[in-house]
Amino acid sequence: MTTENRAPRVPPCESCRGQQVANLGLTGQHTNGLHPNSRSLGFRPMSTLSATVCLNCGRTTFYADDLAKIREAAQRHPDWFTW
């Protein structure tokens, strides 16, 4: 594969400046995702998570795939969250 065919590069690791890989999703027996601590949403998370991992130091960073949905829930139900 040539460089021109690759997806955009992932920025270097903030900790060690090592190479990172992205587009990693969480998998599990049940639906993994983000839930407010004070509410049990069962198998309907507000968002799923993706991650980047540094191939040098192992630093892992998680990202919400549906940030707009989390923002909306925080605005509508601020009591669900710790601020």
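Before any of the text, the structure's been laid out above.
Residues numbered from 1 in each chain as written. Predicted model: local features only at pLDDT ≥ 70, side-chain atom pairs only at ≥ 80, totals over all residues. Heavy atoms only, no water.

Peer 1: What is the right way to look at the pairing of strand β2 (residues 49–54) in this model?
Peer 2: The side chains of a regular strand alternate, first on one face of the sheet and then on the other. Relative to β2, strand β1 (residues 20–25) runs antiparallel, the two being bridged by 4 bridges. Bridge pairing in β2 places L24 opposite A51. Here β2 pairs with strand β3 (residues 60–64) via 5 bridges, running antiparallel. Counted as the bridge partner of A51 is F62 from β3. (Pairing = 2+ DSSP bridges. Helix = DSSP H or I, 4+ residues; strand = E, 2+ residues; numbered from the N terminus.)

Peer 1: What is the right way to look at the packing of aromatic side chains in this model?
Peer 2: Each aromatic ring pair is described using two quantities: the centre-to-centre distance and the angle formed by the ring planes. By the definition in use, this model includes 1 aromatic pair. Between F81 and W83, the aromatic rings sit 6.5 Å apart at their centres with planes inclined by 65°, giving edge-to-face as the arrangement. (Phe/Tyr/Trp six-rings, centres within 6.5 Å; stacked < 30°, edge-to-face > 60°.)

Peer 1: I keep staring at the side chain of T52 and nothing clicks. Help me out?
Peer 2: When you line up the elements, T52 lands in strand β2. Residue class for T52 comes out buried when judged on its relative accessible area of 9%. (Buried < 20%, exposed > 50% of the residue type's maximum accessible area, 1.4 Å probe, protein only.)

Peer 1: Help me understand the side chain of Q20, please; the structure alone is not making it clear to me.
Peer 2: Structurally, the position occupied by Q20 is in strand β1. Here Q20 falls in the buried class, since its relative accessible area comes to 11%. A distance of 2.8 Å separates the side chain of Q20 from the backbone oxygen of P11, its partner in a polar contact. Those residues in contact with Q20 that sit more than four places away from it in its chain are V10, P11, P12, C13, T52, V53, C54 and L55. (Polar contact = N/O pair within 3.5 Å; in protein donor to acceptor, adjacent residues only side chain to side chain. Contact = heavy atoms within 4.5 Å.)

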